[in-house]
Amino acid sequence: MSEDGRKVRIIQGNEASVEGAIAAGCRFFAGYPITPASEIAELMSRRLPPVGGTFLQMEDEIASINAVIGASWGGAKACTASSGPGISLMQEGVGYAAETETPCVVINVMRGGPATGQPTISSQQDIYQARYGGHGDYEIIALVPSSAQEAYDLTIKAFNLAEEFRVPVYLLSDEIVGHTRERVVMGGPIEVRERVAPPKEGYRPYAAGPDGLLPGMPAFNDGYRLLVEGQHHDERGIRAGDDVNKSAALVQRLNDKVRKNIDRITDVERVDLDDAEVAVVCFGSTARPALEAVQSAREKGVKAGALRLRVIWPFPEKVVAELAGRARTLIVPEMNIGKLVLEVRRSAGGRAEVISLPRLGGALHTPEEVEGAIMDAVKGGNAR
Amino acid sequence: MNEIAEKYLRQEALPMIFCPGCGDGTVLGAFLRAVDELKIGDQLALVGGIGCSGWMPVYVNVDTIHTLHGRAIPVAVGLKATRPDRKVVVFTGDGDAIGIGGNHFIHAARRNVDLTVIMINNAIYGMTGGQAAPTTPSGATTQTTPYGNPEDPFDACKLAEAAGATYVARWTAGHPRQLIKAFKEAIQHPGFAFIEVMTQCPVQAGRYIKGGLDAPEFLADIRKSVVTEAQAATMPPEELAGRTRIGLLHRSERPELTQRLAALNRGEKR
Ligand SMILES: Cc1ncc(C[n+]2csc(CCOP(=O)(O)OP(=O)(O)O)c2C)c(N)n1
Ligand SMILES: [Mg+2]
């Protein structure tokens, strides 16, 4: 351990997520075993009791997300983790957390689907599930780590964002990030957003500030006399589902509080973009070969660059639009049938050619494959 | 408005959704009296499922969460685990508790987590308009069993006991005094306490199962269909047949989950 409390360890992304969660103040975890996420539950079961936290292995993932919701209102920063099938079971609960503005973190270590699909193999197929998995109109935040280090860093950030925005926040990890063992620097001076109890005087639990956000997070049995209601509700929490105006206002705010604050949430890494003619827009484990390909192309004199998204929801459309105004071609490698490319294309608005580089089956793109796409784009000339 | 109502009801949430003649109001009244006698207002945390019965806690002016259909119990587990000194009480329906939420129900009982679960058994899905529940009697007509129910119902109390509940009682909406006592016992019981309350639901069960909307008659019929242990002891077998046993049905002691979790926090191995 260094003097500022940092320590370096070689650990899996899944372990790094657990350490990040605990560093962020997570004191409640409820989950159900599933490959490739089980290590998170296993390590939580060891790590939480000694720090005064609670680990519960629930009867299923539906119970897990609902126990997390109860724990969050109970006063604890709370988290669950699963993969494809389990995340599907949680969707009604995630929507409930969005409706009731319950801060919580859901870690999805993505594997191949649909159905039981590929239990041990990676994918990025669930990115739209994270955003649209539950019924109704709501927004969530989704962070996508590319390495074990980021599994640590972004898990901390996920907890902070959950508290700040009072939303369910996904960490969209995947089997490759979750199971790759690599160097992780932990501890030291990290930024943790503590829960702040709102003032009790005249408190209206769902009265938002001008930015659409609720101030602080109250807990049960602290004298608030809260009513947490899954039906549309007014500022007091009283059911207002039959009031079209109040219902519209609530749903609008639940969406706007994420959409309109996108600049506070967006988190991207820009690699060699200043003069890039071809840019790879990448995220998660596919960013690893993508960045290697960009570097290799640069070494060959090609003006290639990369935009790596650490937050995919809300989608950083302004950043992508700006990039599309400068680069000729955007290439989007992803381990699914070609999904985030739709958002990239929409944001590019025809100002750059957008090439989809999807990959099914679970094998990560090779750097050569991405580089090949970059070279093709350069050769093609693609006059604008 | 009476004194108890004034003291405990969340005025801004009124009026209640219950139909005329519904048993839920009686049960809520008994619950509030139990709470008042125990003087535990500040420790209470209430959890409602989805269904008519799930609305009961919404009208009580303490910290309350109105959850998803079937999921009240896991939410309650999360609340209890984060502060074990809470008195967490779940209000749930027969469909909510042992239909869609059945898995959570049996596992919470198995864990012997210190919750009080009050299940309103109206033998039907009330809120959605009178469809068959897992408690609907065999042969009964409902909106989804027009030719008579081809299935047999659960005995929720037997289910609770078999799954590991350590306090199990059944009463009816016609037993308000016994309900107050049972609620007090259940809330003070250090483990998973389950109380089934058989209620009249004139508008749905009355209309579709019984063929009449008369609430007092419905309640009288429920009272006739049940028997306490003392009554059963003196009843000839032919009279006893088909009657539902009410009263305290089971009580035992077993380590409670959140106590065991606290021991883990203290570093004791289990
Ligand atoms: C997942 C889901 N499925 C179905 C419903 C519709 N629903 C609302 S209440 C209810 C039945 C409630 O019956 P019960 O639990 O017996 O409560 P009661 O209304 O009879 O008190 C159903 C099916 C729902 N809200 N959520
Ligand atoms: Mg019912």
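Residues numbered from 1 in each chain as written. Chains lettered and ligands numbered in written order. Predicted model: local features only at pLDDT ≥ 70, side-chain atom pairs only at ≥ 80, totals over all residues. Heavy atoms only, no water.

### So, the pairing of strand E4 (residues 115-121) of chain B
All names here are of chain B. Rule in force here: Only protein chains enter the accessibility calculation, which uses a 1.4 Å probe; a residue is then buried when its area is under 20% of its type maximum, exposed when over 50%, and partly exposed in between. Each helix corresponds to a stretch of at least 4 residues labelled H or I by DSSP, and each strand to a stretch of at least 2 residues labelled E; elements are numbered beginning at the N terminus. Being paired, for any two strands, means DSSP has found at least two bridges between them.
Of all seven residues making up E4, seven are buried, and the element is well covered by its neighbours. Two elements, strand E3 (residues 87-93) and E4, share six bridges in a ladder whose sense is parallel. Within the sheet, the bridge partner assigned to valine 88 lies in E4 and is leucine 115. In this structure, E4 lies alongside strand E6 (residues 193-198), joined through six bridges in parallel fashion. Note on E6: the bridge partner recorded for valine 117 is phenylalanine 194.

### A word on the coordination of the magnesium ion (ligand 2)
In an ideal octahedron of six donors the angles at the metal are 90 or 180 degrees, and in an ideal tetrahedron of four donors they are 109.5 degrees. Residues and elements named next belong to chain B. To keep it simple, the criterion reads: Atoms of type N, O and S within 2.8 Å of a metal are treated as its donors, and for Na, K and Ca the window is 3.2 Å; water is not considered, so some sites may appear to be missing partners.
Here the magnesium ion (ligand 2) is held by the protein donor atoms Asp94 (OD), Asn122 (OD1) and Ile124 (O), which lie 2.0 to 2.2 Å from it. On the primary sequence, the residues serving as donors to the magnesium ion (ligand 2) are separated as D-x27-N-x1-I. Placement of aspartate 94 in helix H4 (residues 94-100) and of asparagine 122 in the loop between E4 and helix H6 (156-163) is noted, with a sequence separation of 28 residues between them. The buried category is assigned to asparagine 122, whose relative accessible area is 12%.

### Quick notes on the layout of surface pockets
For clarity, the cut-off: Whether a set of points on the 1 Å grid over the protein atoms alone is a cavity depends on a 1.4 Å probe fitting there but being unable to get out, while an open set qualifies as a pocket with protein on both sides within 12 Å along at least five of seven lines; lining residues are those with an atom within 4 Å of a point. Grid points are joined across faces, edges and corners, and a volume is the space filled by probe spheres set on the points. Note that Gly is not counted as nonpolar here; it falls among the polar residues with everything else outside the nonpolar set of Ala, Val, Leu, Ile, Met, Phe, Trp, Tyr, Cys and Pro and the charged set of Asp, Glu, Lys and Arg.
Within this model, the largest pocket holds a volume of roughly 530 Å³. In terms of lining, the largest pocket is formed by 22 residues, of which the most central are Ala123, Thr135, Pro137, Met198 and Thr244 of chain B. Residue assignment for the lining of the largest pocket shows that the elements contributing at least two residues are E6, helix H8 (202-210) and helix H9 (215-225) of chain B. For the lining of the largest pocket, the element with the highest residue contribution is H9 of chain B, accounting for four residues. Broken down by class, the residue content of the lining of the largest pocket amounts to 10 nonpolar, seven polar and five charged. Computed from the structure, the second largest pocket encloses a volume of approximately 390 Å³. Looking at the second largest pocket, it is lined by 21 residues, and the ones nearest its centre are Gly95, Glu99, His135 and Gly230 of chain A together with Leu68 of chain B. Elements supplying a minimum of two residues to the lining of the second largest pocket: helix H4 (84-100) and helix H8 (244-259) of chain A. Looking at the lining of the second largest pocket, the element that brings in the most residues is H4 of chain A, giving five residues.

### Side note on the side chain of histidine 233 of chain A
Residue and element names in this part refer to chain A. The condition that has to hold: In protein, a polar contact means a hydrogen-donor-capable atom and an acceptor-capable atom, both N or O and within 3.5 Å, with residues adjacent in sequence counting only if both atoms are side-chain atoms; elsewhere, any N or O pair within 3.5 Å suffices. Note on definitions: a residue-residue contact is assigned when non-hydrogen atoms from the two residues lie within 4.5 Å.
Topologically, histidine 233 is positioned in the loop between strand E10 (227-229) and H8. Within the structure, the side chain of histidine 233 is placed 2.9 Å from the backbone oxygen of glutamate 229, a separation counted as a polar contact. Within the structure, the side chain of histidine 233 is placed 2.7 Å from the backbone oxygen of glutamine 231, a separation counted as a polar contact. Residues in contact with histidine 233, not counting those within four places in the same chain, are Glu99, Tyr206, Ile238, Arg239, Ala240 and Leu250.

### Here we look at the confidence of the model for chain B
Let me state the cut-off plainly: As a per-residue quantity, pLDDT reports the predictor's confidence and falls between 0 and 100.
Within chain B, residue pLDDT values average 97, and 100% of them lie at 70 or more. The ipTM for the predicted assembly is 0.98, set against a pTM of 0.98.

### Thoughts on the sheet that holds strand E12 (residues 278-283) of chain A
All names here are of chain A. To keep things clear, this is the line we draw: Between N-to-C directions, angles cover 0 to 180 degrees, with each direction set by a line fitted to C-alpha atoms, over the stretch in contact for helices.
Spatially, the five strands line up as an open sheet ordered E11-E13-E12-E15-E16, and their pairing is mixed. The open sheet is flanked by strand E11 (268-271) and strand E16 (353-358), the only strands paired with a single partner. Strand-to-strand twist across the sheet, computed as the mean angle between neighbouring axes with direction ignored, equals 20°. As judged from the three bridges shared by E12 and strand E15 (residues 329-334), these two strands associate in the parallel manner. Paired with alanine 279 across the strands is leucine 330, a residue of E15. Against the sheet, helix H10 (residues 287-299) engages E11, E12, strand E13 (304-309) and E15, with an angle of about 160° to E13.

### A few points about the site of ligand 1
The following threshold applies: By convention in this text, a residue qualifies as near a molecule or strand provided that one of its non-hydrogen atoms is within 4 Å of it. Accessible areas in this description were obtained via Shrake-Rupley with a 1.4 Å probe; residue shielding takes into account the shown protein chains only.
Taken together, 17 residues form the shell around ligand 1, and within it Cys52, Ser53, Asp94, Asp96 and Gly126 of chain B come nearest. Close to ligand 1, residues of chains A and B are found. For ligand 1, an oxygen atom lies 2.9 Å from a polar atom in the backbone of methionine 127 of chain B. Protein contacts shield 76% of the accessible area of ligand 1, which totals 580 Å² for the unbound molecule. Here the shell around ligand 1 gets four residues from one element, more than from any other, and that element is H4 of chain B. Residue classes in the shell around ligand 1 are distributed as six nonpolar, eight polar and three charged.

### Notes on the environment of leucine 9 of chain B
All names here are of chain B. Within the secondary structure, leucine 9 sits in the loop between helix H1 (3-8) and helix H2 (24-38). For leucine 9, a relative accessible area of 8% translates into the label buried. Each C-alpha atom, one on leucine 9 and one on valine 58, is 8.9 Å from the other, the two residues being 49 residues apart in sequence. Once residues lying within four places of it in the same chain are set aside, the contact partners of leucine 9 are Ile4, Leu14, Met16, Leu32, Tyr59 and Asn61.

### Concerning H10 of chain A
All names here are of chain A. In plain terms, the rule: Helix span, as expected, comes to 1.5 Å for every residue beyond the first.
Across its 13 residues, H10 extends 18 Å between first and last C-alpha, which sits within 8% of the 18 Å expected from 1.5 Å per residue. Among the residues of H10, those classed as buried are Ala287, Pro289, Ala290, Ala293, Val294, Ser296 and Ala297. Looking at the buried residues of H10, the elements they touch are E12, E13, E15 and helix H13 (367-380). Taken from the residues just after H10, glycine 301 is the one with a positive phi, measuring 85°.

### Considering the packing of aromatic side chains
Condition: Here a Phe, Tyr or Trp ring, Trp counted by its six-membered ring, pairs with any other such ring whose centre lies within 6.5 Å, and the pair is stacked when the planes are under 30 degrees apart, edge-to-face when over 60, and tilted otherwise.
For the structure shown, the criterion picks out 11 aromatic pairs over all chains. Centre to centre, the rings of tyrosine 128 of chain A and tyrosine 132 of chain A are 6.1 Å apart; their planes meet at 15°, and the pair counts as stacked. Of the two residues, tyrosine 128 of chain A and tyrosine 132 of chain A are both situated in helix H5 (residues 127-132); the distance of four residues between them amounts to about one turn of the helix. Here the aromatic rings of phenylalanine 105 of chain B and phenylalanine 192 of chain B are separated by 6.0 Å at their centres, their planes lie at 75°, and the arrangement is edge-to-face.

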